[in-house]
Amino acid sequence: MTDMPQTPETRTERRERERREAYYSASQWTLIWWRFRRHRAAMAASAILGLMIILGLFAEFFAPYGPTERNRDYLYGAPQMPMFCDQNGCSLRAFVHGTRTERDPVTLRSRTVPDPQTRRYVQFFVEGQPAKLLGVIPTRTRLFGLDEGRIHLWGTDELGRDVFSRTLYATRTSLSIGVLGVIISFVLALAIGGIAGYAGGLTDSAIQRVTEVVRVIPVIPLYMGLAAAMPREWSGLQVYFAMTVILGAVGWPTLARRVRSQLLSIRGEDYVTAARLAGARPSRIIGTHMLPSFTSFIIVDLVISFPYMILSETALSFVGLGLRPPAVSWGVMLQQAQSIRVIEQAPWLFIPALFVVVAVLAFTVIGDGLRDAADPYSEAR
Amino acid sequence: MAVFLIRRLLGMALTLLLVSLMVFLIMELPPGDYAERYAFRKFSGTGVAVTPADIQAIRIELGLDAPMMVRYANWISGIVLRGDFGQAYSFLTSVNNVIGDKVWLTLGLLVATLLLTYLIAIPVGLYAAVRRGSGADYGLTIISYLGLALPNFLLALLLLYFANRWFGASIGGLFSDQYRDAPWSLAKFWDLVKHLWIPALVLGWSAIAYQLQTVRATMSDEIGKLSVMAARARGLPETRLMVKYPARLAVNPVVSTIGFDVNRIFSELPIVAAVLGLTELGDLLLKSFLDLDMNVAGAILLLLTVVIVVMNFVSDLLLAWLDPRIRLEG
């Protein structure tokens, strides 16, 4: 027996050892986070989505004008991009051109056109109309504005409302409706799928039948049927909550199937039997003992079901069965861009569509990344 | 096989019964009932004052004062026994007259869309799997992501916009002007075929994206199987090998989800129809929901769902025919 001389570990060796120890002692969620972090597309998508959420949440600060504020002198106004140079030379501060009113030589109607001779400088942290940040903190400060007149980054609609500001407010509405819809469908799925998967037998087959019926009716027409039933005299807030309930009520079957199949597969495990013998009630067995084993899958399913909520809300509002003005959501805004004549005249009204596509893409990519990360058999570390 | 058929048929009948109940519930949901809307429609602007007694009289005449289960029984027996979907108040005629030949237009649109979907999704998905990692493959992945993210009605709007901008042409509608009200003829049919591909592409858009992904994923799994390697070792030509072994299996998930595709297509139908100005059931469904003409809406919803259920059945049969394992299980 010869004593092996203990060579002091080098720095790289120590780092390697620490990395391994951290890996072996990491919790499930830490592991998922590590794997998720390496998914570049998903990280980028999270950043974009995070930005959207912040923009929507603090719309009162980022949007220069309120969602229903009108600029009567700039109807169907074109987007004004801040610039540093024009034919009169350059400036260190960004500016847009002012507008002036002139008569159309053909139709003789007065119209507003940009006036290249005047400059309106962009300023930051300007005073605007009073508003409530997050619905509570009173504020007048806006991120940006003009020293004189109004700036419309993405133009205005037929009533002269600022498309940029409205899009931010719409982002808040559309995303929050998605969140509430997903939560409601999640609770329903958990309850219904939970009962089916835990009870099994006749209860299960009965619930399966009903689930199948909800799934077989085409989704959007089903949404439309429920949305059409909303009384026309309901207030904006009532319609908003009714919409979340409708989205949740139609969205649960997919998730319920997942909950059910997972519960069925672990129903016979010893630790479930042990809990039952120990006298735990079904709700406790499901909630405390069974659910944690597939929480990660459920989270993935929740993220993946977001796009459907957002798309359904947009589609419903688009055809006039969902949210109604004065509420602003992406779908409500796109309603104005329905006819080809409007799109010809004011293509910038299409900008909210870009938000829809980006949000849906972001959720899909994040869902894919999460699914890979939550799968314990995907490549380790 | 007979046991298999009978079980599927019984299951289908039960599903249809539950579906009809659900559709009836949706018809009953909006505030107010048929009698009120009918009276309002018939007498508004005529100067005749409608009293609650008049509405009650209409109700009794049409049997609307009966309890809900009786009304359901009347409604469904009318449909099943006489093919009668009731009256459409906003058109002041029967639902059957309103729907009329729009059913066939819708079915034609569905068939065109399904054909286009599978003609694109299956070959392209197979190709992407065989040439995995190539530029074409990545391009396809991006396109199918976009296919899932870009809602069909936005695609329709974009197509309208660019068609107008580049070609100065309107691509909406199912017929050219001269054929819109013309009786059916070969020329009108040909005109329909020429117009059909744009709505078919728009409606199939998300189904194509979804099936592309499925075919590509299954095919990628199947290509790595030992059976493929063994066949290759026996010296089978590559194309024949691909068609005989993995491609045959890669088509199965597509076949088993035909019903889902029909569901997806019908789901988009009302909104795409509104944007593209298609005069078929989807458009009518949207209008009748907006007018709360629930007899028309319920009839259309029921018809669409029946088509989906039947397509589910067809897909089960097709799958059993393609895949002996399912047939033997029964």
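Residues numbered from 1 in each chain as written. Chains lettered and ligands numbered in written order. Predicted model: local features only at pLDDT ≥ 70, side-chain atom pairs only at ≥ 80, totals over all residues. Heavy atoms only, no water.

Peer 1: How do you make sense of a nonpolar patch on the surface when you look at a structure like this?
Peer 2: All names here are of chain A. A cluster of nonpolar residues, Ile-53, Leu-57, Leu-134, Val-136 and Ile-137, forms a patch on the protein surface that exposes about 440 Å² of accessible area. The residue Leu-134 is located in the loop between strand E3 (110–133) and strand E4 (137–146) in this model. Using a relative accessible area of 45% as the deciding quantity, one classes Leu-134 as partly exposed. (Patch = residues over 30% accessible without salt bridge, like charges linked within 9 Å, V, L, I, M, F, W, Y side chains within 5 Å. Areas by Shrake-Rupley, 256 points an atom, 1.4 Å probe, with all protein chains shown as cover. Salt bridge = Lys/Arg side-chain N within 4 Å of Asp/Glu carboxyl O. Helix = DSSP H or I, 4+ residues; strand = E, 2+ residues; numbered from the N terminus. Buried < 20%, exposed > 50% of the residue type's maximum accessible area, 1.4 Å probe, protein only.)

Peer 1: Hey, could you run me through the nonpolar core in this one?
Peer 2: Most often, soluble globular proteins keep nonpolar side chains buried together rather than apart. Ranked by size, the top nonpolar core spans 179 residues in total, and within it A:Leu321, A:Trp330, B:Trp75 and B:Leu154 carry the most contacts. When residues of this core are assigned to their parent elements, the largest contribution, 14 residues, is made by helix H14 (residues 351–374) of chain A. Once residues within four sequence positions are removed from consideration, B:Leu154 is found in contact with A:Leu334, A:Phe350, A:Ala353 and A:Val357. (Core = buried A, V, L, I, M, F, W, Y, C linked by side-chain atoms within 4.5 Å. Contact = heavy atoms within 4.5 Å.)

Peer 1: How do you make sense of the interface of chain B and chain A when you look at a structure like this?
Peer 2: A common way to report how large an interface is uses the accessible area buried once the components associate. Every contact between the two is made by 41 residues of chain B and, on the other side, 42 residues of chain A. A per-residue breakdown of the area chain B buries against chain A is headed by B:Tyr145, B:Leu157 and B:Tyr161, which together make up 15% of the total. Run the count over chain B and chain A and you get zero salt bridges. Residue composition of the side of chain B that touches chain A, by class: 34 nonpolar, seven polar and no charged. (Buried area = accessible area lost by both parts, 1.4 Å probe. Nonpolar A, V, L, I, M, F, W, Y, C, P; charged D, E, K, R; others polar.)

Peer 1: Any chance you could explain the packing of helix H5 (residues 163–199) of chain A against helix H6 (residues 201–216) of chain A here in plain terms?
Peer 2: Each pair of packed helices gets described by two things: the angle between the helix axes and the distance between those axes. All names here are of chain A. At their nearest, the axes of H5 and H6 sit 7 Å apart, and the two run at 145 degrees to each other. For the element pair H5 and H6, the recorded crossing hand is left-handed. When H5 is examined against H6, the residues Ile-192, Ile-195, Ala-196 and Ala-199 are found in contact with a partner set consisting of Gly-201, Thr-203, Asp-204 and Ile-207. (Axes fitted to C-alpha atoms, helices over the stretch in contact; angles between N-to-C directions. Left-handed = near helix turned anticlockwise from the far one by under 90°.)

Peer 1: How should the domain arrangement of chain A be read in this particular structure?
Peer 2: On domain assignment, one finds that chain A holds domain 1 (80–151) and domain 2 (167–374). Between the C-alpha centres of domain 1 of chain A and domain 2 of chain A the distance comes to 40 Å. (Domains from an automatic or database assignment.)

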